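# Observations on chain architecture
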Amino acid sequence: MNLRIVVLPGDGIGPEVTTQAVAVLQTVSDVCGYEFRFESHHIGGIAIEKEGMPLPEKTLAACLEADAVLLGAVGAKKFDGLSGERRPEAGLLALRQALGSFANLRPVKAYEAIADCSPLREDVTRGANILIVRELLGGLYFGQPRGLSEDGLSASNTMRYHADEVERVAHVAFQEARRRKHLVTSVDKANVLETSQLWRRIVGSVAKQYPDVRVEHSYVDSFSMQLVSSPALYDVVLTENLFGDILSDEAAVISGSLGMLASASVGGKVELYEPVHGSAPDIAGKGLANPFGAIQSAAMLLHYTAGLYHESEEIMRAVERTLSRGLITRDLSGRRNRPPVPADAIGQAVVETVSDLLQMQMAYHAV
Ligand code: NAD
């Protein structure tokens, strides 16, 4: 197995967490005899500093030629004064668009070892294991016309969807549900919005091709309440861009820390993997950055881009074991006030556990 992976560490804690994620991938490569090649490029604030723009052409060209892109985070206080296209965040948006990934997959899980980090009661989050599938390239964020009026007193955005855009992301959700608990909850606002009526109709017709998957439709307002009152009831949650943006951040409270969450953007030319958090300038350079979201993004890369399902699962298992051993960063201290350890000690523990798990498996097969 050969993989060419472009790494975009970015700003703030981005380089710290991607270093840990790359170390885990390198371990898989070494132990299993694969050839993963890593190539690092600039994006965001560091790219503005070094190359004068948030998404340099060299970076984009490398990403388009890669098998997968692993990104840290972008954004730095000193660029907050810049406008629009010149901001670090514009580099990430442009990259996502250029890669053409239309489905954003965000797993959200309640981890037993850190259940006390969630503001929700443990009996509420217990067993929760959700995959949010968010449409990423359509809807309100991209619809035209949009803008501020000349007098600055009114503004408009357009929520627009074509049936094809709904259909392709719905297929992703149903295929994911087949690998999980065979339930898709499609979230819309069909009692008010025509785009949602279209959404519901198309999801309903795609569902007929997956008779083994149960589909249910939910209004976004009541769903947002159900998500935090009964999260264990859900499996795959399918929704459009704006609702997905809001609901996936809301769902983060189930895991207890933003630092735990991973994501994959799939369906385009090249898949993009990134932790959900931002560049966290308040903790950058202090050894406090939770690397689990980035490490789990690396696990998703092995699953979705490489089809290395077993290796991907072993990384996830190593994350759970590391948490169970009490190796946590400060954001995971929780109500029990567990003492934190430096982030690189966590990365090292995951590396060693992944290595042990993979070697054990290989020894077992060799017998
Ligand atoms: P943020 O996610 O960077 O931080 C929010 C809070 O969570 C902070 O208190 C931070 O310390 C904490 N946090 C985040 N990740 C953590 C981790 N891995 N371990 C421990 N604690 C963690 O969001 P923000 O403060 O709103 O934004 C900071 C910068 O990041 C801004 O410039 C913003 O535009 C950018 N941003 C980038 C992305 C991205 O690159 N995908 C996403 C969100 C925000």
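Everything quoted here is computed from the prediction, not taken from an experiment.

This brings us to the packing of aromatic side chains. Per the stated rule, a full pass over the model turns up four aromatic pairs. Arranged with centres 5.6 Å apart and planes meeting at 70°, the rings of Y161 and W199 form a pair that is edge-to-face. Placement of the pair is Y161 in the loop between β7 (155-156) and α6 (163-178) and W199 in helix α7 (residues 194-207), with a sequence separation of 38 residues. Here the aromatic rings of F174 and Y210 are separated by 5.1 Å at their centres, their planes lie at 20°, and the arrangement is stacked. Taken together, the residues span a long stretch of sequence, with F174 in helix α6 and Y210 in the loop between α7 and β9 (214-219) at a distance of 36 residues.

Here we come to α6. Taking 1.5 Å as the rise per residue, α6 with 16 residues should run 22 Å; its terminal C-alpha atoms sit 23 Å apart, in good agreement. Where α6 is concerned, the buried positions are E165, V166, V169, A170, H171, V172, A173, F174, E176 and A177.

What follows is about the sheet that holds strand β1 (residues 2-10). If you walk across this open sheet you meet the ten strands as β2-β1-β3-β12-β11-β4-β5-β10-β8-β9, and the pairing is mixed. With partners counted over all chains shown, the strands left at the sheet margins are β2 (35-40) and β9, one partner each. In this sheet, neighbouring strand axes are inclined to one another by 20° on average, regardless of whether the strands run parallel or antiparallel. The pairing of strand β3 (residues 68-73) with strand β12 (residues 271-275) spans three bridges and is classified as parallel. Bridged to V69 within β12 is L272. Against the sheet, helix α4 (residues 88-99) makes contact with β1, β3 and β12, and its axis sits at roughly 145° relative to β12, the strand it touches most.

Right, let's get into the site of the ligand. The environment of the ligand is formed by 20 residues, the closest being V74, E89, G278, A280 and N290. Measuring from an oxygen atom of the ligand, one finds a backbone N or O atom of G278 at 2.7 Å. At 3.1 Å from an oxygen atom of the ligand is found a main-chain nitrogen or oxygen belonging to S279. Compared with its free state, where it exposes 800 Å², the ligand has 67% of that area covered by protein. Classifying every residue of the shell around the ligand gives ten nonpolar, six polar and four charged.

Note on placement: S263 falls in strand β11 (residues 262-266). A polar atom in the side chain of S263 sits 2.8 Å from the backbone oxygen of E274. Beyond its immediate chain neighbours, meaning those up to four positions away, S263 contacts N104, L105, L272, Y273, E274, V276, S297 and M300.

Working note: regular strand, side chains alternate between the two faces of the sheet. The buried fraction of β12 amounts to five of the five residues, a majority that puts the element mostly inside the structure. Where burial is concerned, the two faces of β12 agree: the one with E271, Y273 and P275 and the one with L272 and E274 are both buried. Pairing geometry for β11 and β12, over four bridges, is antiparallel. The partner of A262 across the bridge, within β12, is P275. In this structure, the hairpin formed by β11 and β12 is closed by a connection of four residues, where G267 is found at a positive phi of approximately 105°.

Now for empty space enclosed by the protein. One simple way to see leftover space: roll a probe sized like a water molecule over the atoms. Under the counting rule described, the total for this entry stands at one cavity of 30 Å³ or more. Counted as a void, the largest cavity has a volume near 30 Å³. For the largest cavity, the full set of lining residues is M159, Y161, D188, T195, S196, W199 and E240. Considering only residue class, the lining of the largest cavity consists of three nonpolar, two polar and two charged.

We now examine the nonpolar core. Proteins that are soluble and globular tend to have nonpolar side chains buried together. Of all hydrophobic cores here, the largest spans 74 residues; its most connected members are V133, F174, L238, L302 and L323. Core analysis: the next-biggest nonpolar cluster, separate from the first, contains 17 residues, A110, I132, V187 and V237 among them.

The subject of this paragraph is the packing of helix α11 (residues 309-324) against helix α12 (residues 343-366). The interhelical angle for the contact between α11 and α12, taken along N-to-C directions, is 130°, at an axis separation of 9 Å. Taken together, α11 and α12 sit at an angle that is classed as oblique. Between α11 and α12 lies a crossing of right-handed hand. Taken together, the residues of α12 that come into contact with α11 (itself represented by H310, E311, E314, I315, R317, A318, R321 and T322) are I346, A349, V350, T353, V354, L357, L358 and Q361. Within the contact of α11 with α12, the residues separate by chemical class into eight nonpolar, four polar and four charged.

Among the secondary structure elements, E57 is positioned in helix α3 (residues 57-65). For E57, a relative accessible area of 67% translates into the label exposed.

Moving on: unusual backbone geometry. Cis geometry is found at the peptide bond from Q144 to P145, where omega equals 0°. Position of P145 relative to the elements: it lies in the loop between β5 (129-135) and β6 (147-148). Here H182, not a glycine, exhibits a phi torsion of approximately 60°, which is positive. You can see H182 is positioned in the loop between α6 and β8 (183-188). Residue classification places H182 among the partly exposed residues on the basis of a relative accessible area of 27%. A positive phi is found at N337, a non-glycine position, where the angle reads about 55°. Mapped onto the elements of the fold, N337 is located in the loop between α11 and α12. Of the residues examined, N337 reaches a relative accessible area of 62% and is grouped as exposed.

Rules and cut-offs
- Residues numbered from 1 in each chain as written.
- Predicted model: local features only at pLDDT ≥ 70, side-chain atom pairs only at ≥ 80, totals over all residues.
- Heavy atoms only, no water.
- Phe/Tyr/Trp six-rings, centres within 6.5 Å; stacked < 30°, edge-to-face > 60°.
- Helix = DSSP H or I, 4+ residues; strand = E, 2+ residues; numbered from the N terminus.
- Expected span 1.5 Å × (residues − 1).
- Buried < 20%, exposed > 50% of the residue type's maximum accessible area, 1.4 Å probe, protein only.
- Pairing = 2+ DSSP bridges.
- Axes fitted to C-alpha atoms, helices over the stretch in contact; angles between N-to-C directions.
- Contact = heavy atoms within 4.5 Å.
- Near = heavy atom within 4 Å.
- Polar contact = N/O pair within 3.5 Å; in protein donor to acceptor, adjacent residues only side chain to side chain.
- Areas by Shrake-Rupley, 256 points an atom, 1.4 Å probe, with all protein chains shown as cover.
- Nonpolar A, V, L, I, M, F, W, Y, C, P; charged D, E, K, R; others polar.
- 1 Å grid on protein atoms, 1.4 Å probe; cavity = no way out; pocket = protein on both sides within 12 Å on 5 of 7 lines; lining within 4 Å.
- Points joined across faces, edges and corners; volume = space filled by probe spheres on them.
- Core = buried A, V, L, I, M, F, W, Y, C linked by side-chain atoms within 4.5 Å.
- Parallel < 35°, antiparallel > 145°, perpendicular 65-115°, else oblique.
- Left-handed = near helix turned anticlockwise from the far one by under 90°.

Function-wise, these values are silent; they only describe arrangement.
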